[in-house]
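Chain by chain, the residues:
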Amino acid sequence: MAGVDSVTNVLFTNRNKMILGIISIIFGIIVFFLTSAFVPFYLVIPFFILAICLIVPSDVVKNSKIIGVIFVLYSLFVIYSTITVVLNPYDVVTNLYLSGQFSTTPGASEVSACFNAFLIALIYAIYNLVCSFAFFFKTSGEGDFV
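Basis of the calculations
- Residues numbered from 1 in each chain as written.
- Predicted model: local features only at pLDDT ≥ 70, side-chain atom pairs only at ≥ 80, totals over all residues.
- Heavy atoms only, no water.
- Helix = DSSP H or I, 4+ residues; strand = E, 2+ residues; numbered from the N terminus.
- Buried < 20%, exposed > 50% of the residue type's maximum accessible area, 1.4 Å probe, protein only.
- Contact = heavy atoms within 4.5 Å.
- Areas by Shrake-Rupley, 256 points an atom, 1.4 Å probe, with all protein chains shown as cover.
- Core = buried A, V, L, I, M, F, W, Y, C linked by side-chain atoms within 4.5 Å.
- Patch = residues over 30% accessible without salt bridge, like charges linked within 9 Å, V, L, I, M, F, W, Y side chains within 5 Å.
- Salt bridge = Lys/Arg side-chain N within 4 Å of Asp/Glu carboxyl O.
- Axes fitted to C-alpha atoms, helices over the stretch in contact; angles between N-to-C directions.
- Parallel < 35°, antiparallel > 145°, perpendicular 65-115°, else oblique.
- Left-handed = near helix turned anticlockwise from the far one by under 90°.
- Nonpolar A, V, L, I, M, F, W, Y, C, P; charged D, E, K, R; others polar.
- Arc of directions from axis to C-beta.

Visitor: Give a description of the overall build of the chain that names residues and reports values.
Guide: Within the chain one finds seven helices and zero strands. For the chain, the N- to C-terminal ordering of α and β elements is α-α-α-α-α-α-α. Counting across all 146 residues of the chain, residues that qualify as buried make up 40%. Of all intrachain contacts in the chain linking residues separated by at least 6 positions in sequence, the fraction that spans at least 24 positions is 79%. In the form shown here, the chain has an accessible surface area of approximately 8200 Å², with 74% of it arising from carbon and sulfur atoms.

Visitor: If you had to explain the nonpolar core to someone new, which residues and values would you point to?
Guide: Judged by nonpolar contacts, the single largest core of 35 residues is most densely connected at Leu20, Phe38, Val39, Phe47, Cys114 and Phe118. Elements with a contribution of two residues or more to this core: helix 2 (14–35), helix 3 (46–55), helix 5 (65–87), helix 6 (89–98) and helix 7 (108–133). At eleven residues, helix 7 tops the list of elements feeding residues into this core. Once residues lying within four places of it in the same chain are set aside, the contact partners of Phe47 are Ser24, Phe71, Tyr74, Ser75, Val78, Tyr124, Ala125 and Asn128.

Visitor: Break down a nonpolar patch on the surface for me, citing the residues and quoting the values.
Guide: On the surface, a nonpolar cluster with roughly 470 Å² of combined accessible area is contributed by Ile66, Val69, Ile70, Leu73 and Leu76. By the element assignment, Ile70 lies in helix 5.

Visitor: Got a sec to walk through the packing of helix 6 against helix 7? Specific residues and values, please.
Guide: In a pair of packed helices, the angle between the axes and the distance between the axes together describe the arrangement. Two elements in contact, helix 6 and helix 7, have axes whose closest approach is 9 Å; the angle formed by their N-to-C orientations is 115°. When the axis of helix 6 is compared with that of helix 7, the two are roughly perpendicular. Handedness of the helix 6/helix 7 crossing: right-handed. In this structure, helix 6 contributes Pro89, Tyr90, Val92 and Val93 to the contact, and helix 7 contributes Glu110, Val111, Cys114, Phe115 and Phe118. Split into classes, the residues belonging to the contact of helix 6 with helix 7 amount to eight nonpolar, no polar and one charged.

Visitor: Just give me the short version of helix 6, but keep the residues and values in it.
Guide: The complete set of buried residues in helix 6 reads Pro89, Val92, Val93 and Leu96. The buried residues of helix 6 all sit within an arc of 95° when viewed along its axis, so they share a single face. Seen from the buried face of helix 6, the exposed residues on the opposite side, beyond 90 degrees, are Asn95 and Leu98. Looking at the buried residues of helix 6, the elements they touch are helix 5 and helix 7. Where helix 6 ends, the next residue or the one after it, Gly100, has phi of about 95°, a positive value.

Here it is as structure tokens:
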């Protein structure tokens, strides 16, 4: 186990957790603006809380296993939700048409755009699942930023 601990101590330092959080925020802003027409905001926005928790310089927050558990479960929910839409995007596009968000009957381009939007959201959720697991590795802030 000493080999695994040394690898995780090198990979999951406070600095690397902060970098994961910054990348998650940048990626999240891009995902939010690229997919806002199709993907509901509640599948993207809560991941910003995860990223902020990784950026906060407090060791108590960065080592909180309860935050990790909450976001692992939420990431799995988002992954399940996006996979079901990726497998059948026409249902979502039809619901958007019936609710009045589309003025014409959805065609192949709308279905393709919906598929691509949820695929991007799926990739973002998988990335945040990795970020969620970072909370399970204990780090200390001593000497990381020197």
